[in-house]
Amino acid sequence: NAKLQDEAHVLWIDQAERNNKALEAAKALDGSKLPRMKDRKSKDGPVPVFILGTSRAGKTTLEKLVGAHDEVNRGYESEIVAFATRRAAQIGGLVNITNLAQLPRELHGSFATQFRQRLAETNPAHKVVSVTTPGLISSVVYLAKSLPEARFVFARRDRDDTAFSIFMKHYTTGNHYNHDLKNAYAYIDWYSQMIAA
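The rules behind each value
Residues numbered from 1 in each chain as written. Predicted model: local features only at pLDDT ≥ 70, side-chain atom pairs only at ≥ 80, totals over all residues. Heavy atoms only, no water. Helix = DSSP H or I, 4+ residues; strand = E, 2+ residues; numbered from the N terminus. Rg over C-alpha atoms; globule rule 2.2 N^0.38 Å. Buried < 20%, exposed > 50% of the residue type's maximum accessible area, 1.4 Å probe, protein only. Areas by Shrake-Rupley, 256 points an atom, 1.4 Å probe, with all protein chains shown as cover. Lys, Arg positive; Asp, Glu negative; His and termini not counted. Charge placed at Lys NZ, Arg CZ, Asp CG, Glu CD. Axes fitted to C-alpha atoms, helices over the stretch in contact; angles between N-to-C directions. Parallel < 35°, antiparallel > 145°, perpendicular 65-115°, else oblique. Left-handed = near helix turned anticlockwise from the far one by under 90°. Contact = heavy atoms within 4.5 Å.

Q: Please explain the overall build of the protein chain as it appears in this structure.
A: Helices and strands together make up the secondary structure of the protein chain, namely seven helices and four strands. Along the protein chain, from the amino end to the carboxyl end, the secondary structure elements read α-β-α-β-α-α-β-α-β-α-α. A globule of 197 residues ought to have a C-alpha radius of gyration of about 16 Å, and the protein chain, at 17 Å, matches this closely. Dimensions of the protein chain, computed from the C-alpha atoms along their principal axes, are close to 50 × 40 × 30 Å. Taken across its 197 residues, the protein chain has 40% of its residues classed as buried. Accessible surface, the protein chain: about 11,300 Å² in total, of which carbon and sulfur atoms supply 51%. For the protein chain, the distance from the average site of its 27 positive side-chain charges to the average site of its 21 negative ones is 5 Å.

The following block contains the structure:
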């Protein structure tokens, strides 16, 4: 109905503003200055592979293929990033921060420690763990800076096909762009810009 669409549009405008800030951060990132794998303080524990893509882009299928390897454990849509962010915030005297992009920069080292500990605790027998949690693309700059061992795989699908799938999908939460094809296309295009940056 029209009221729900109006509410979703307002929420999408708010999300689009956050997306623009994430894109600015991605464009400003100098990849040559990122820490390297050899700079990782702890060489123990599994390596996270973040599979990032728009809604309906095929992240789950890609993770299933990657997870067929004996040394890979499928982490699915794990909340490990939100968990580690919250723990780092609490240790720093803050509360209720689960978005890594909102965590003060001086606490990113603590985030990395909490993330690695949690990943090792929950995946003691695997060398690689995949993560397909939706929305992590907005924190990709901070993940790359904090976790030099992390690897990133971007799933892409035909633009029109993705937009149609998003429009036809019934979401119970989030994904406020799906009520309007124009907004869905804007979301897909933003995602492509994030990947290109």
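Q: Explain the packing of helix α6 (residues 159–168) against helix α7 (residues 181–196) here, please?
A: Two numbers describe a pair of packed helices, the interaxial angle and the distance between the axes. Interhelical geometry of α6 versus α7 gives an angle of 130° and a closest axis separation of 9 Å. Overall, the two elements α6 and α7 adopt an arrangement that is oblique. By crossing handedness, the relation of α6 to α7 is classed as right-handed. Taking contact as the criterion, the partners of Arg159, Asp160, Thr162, Ala163, Ile166 and Phe167 in α6 are, on α7, Leu181, Ala184, Tyr185, Tyr187, Ile188 and Asp189.

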